Amino acid sequence: MPTGLTRDAGWEIGVSKTFPLPLAAVWDFVVSPEGVALWLGSGASLPTEKGEPYETADGVAGELRSYRPGDRVRLTYGPTTLQVAVSAAGEGRTVLRFHQERMADAAERERQRAHWQGVMGEVERNLAP
């Protein structure tokens, strides 16, 4: 199988970064209006109840699948599924992960990989001291 193609979830991509910050600081930013605008899109409000819909200013729509405070958000992102997760990585360090699955093909996977790398760069700039 080609890189990024799975039997169960189709084409997928994951981007992660470790931040020298406590988990609560990273989580609080990611779910804040400023953080949500970076990863979910302009104009979107992050739903917190399963099945609750959202839509971005760019027309991406979906619904929340799960919301576990301090841990992860999983939602549909158009026809794909997106998960944003945080996990402790030792004292005062946190890993932030963006994982998207069920993409149409390898070309979409590459576009989304570049997108999530850019998002992670913006998150990093916003979390920098």
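Now for a description of the structure that goes with this document. (Residues numbered from 1 in each chain as written. Predicted model: local features only at pLDDT ≥ 70, side-chain atom pairs only at ≥ 80, totals over all residues. Heavy atoms only, no water.)

**Details of the sheet that holds strand β7 (residues 94-103)**
Strand order in this open sheet of seven strands is β1-β2-β7-β6-β5-β4-β3, and the pairing throughout is antiparallel. Two strands bound the open sheet, and with one partner strand each, they are β1 (5-6) and β3 (53-55). Of the pairings in the sheet, the one linking strand β4 (residues 61-68) to strand β5 (residues 72-77) comprises four bridges and is antiparallel in character. Bridge assignment links Y67 to a residue of β5, and that residue is V73. Set on the sheet, helix α1 (residues 23-30) makes contact with β2 (10-19), β4, β5, β6 (80-88) and β7; between it and β6 the angle comes to about 155°. (Pairing = 2+ DSSP bridges. Helix = DSSP H or I, 4+ residues; strand = E, 2+ residues; numbered from the N terminus. Contact = heavy atoms within 4.5 Å. Axes fitted to C-alpha atoms, helices over the stretch in contact; angles between N-to-C directions.)

**With respect to the environment of L75**
Looking at where L75 falls in the secondary structure, it is placed in strand β5. The exposure class of L75 is buried, given its relative accessible area of 0%. Once the C-alpha coordinates of L75 and V123 are considered, the two residues, 48 residues apart in sequence, prove to be 19 Å apart. If we skip the residues at most four places from it in the chain, L75 touches W39, L40, L46, Y54, E63, L64, R65, T80, T81 and L82. (Buried < 20%, exposed > 50% of the residue type's maximum accessible area, 1.4 Å probe, protein only.)

That is the geometry; function is a separate question.
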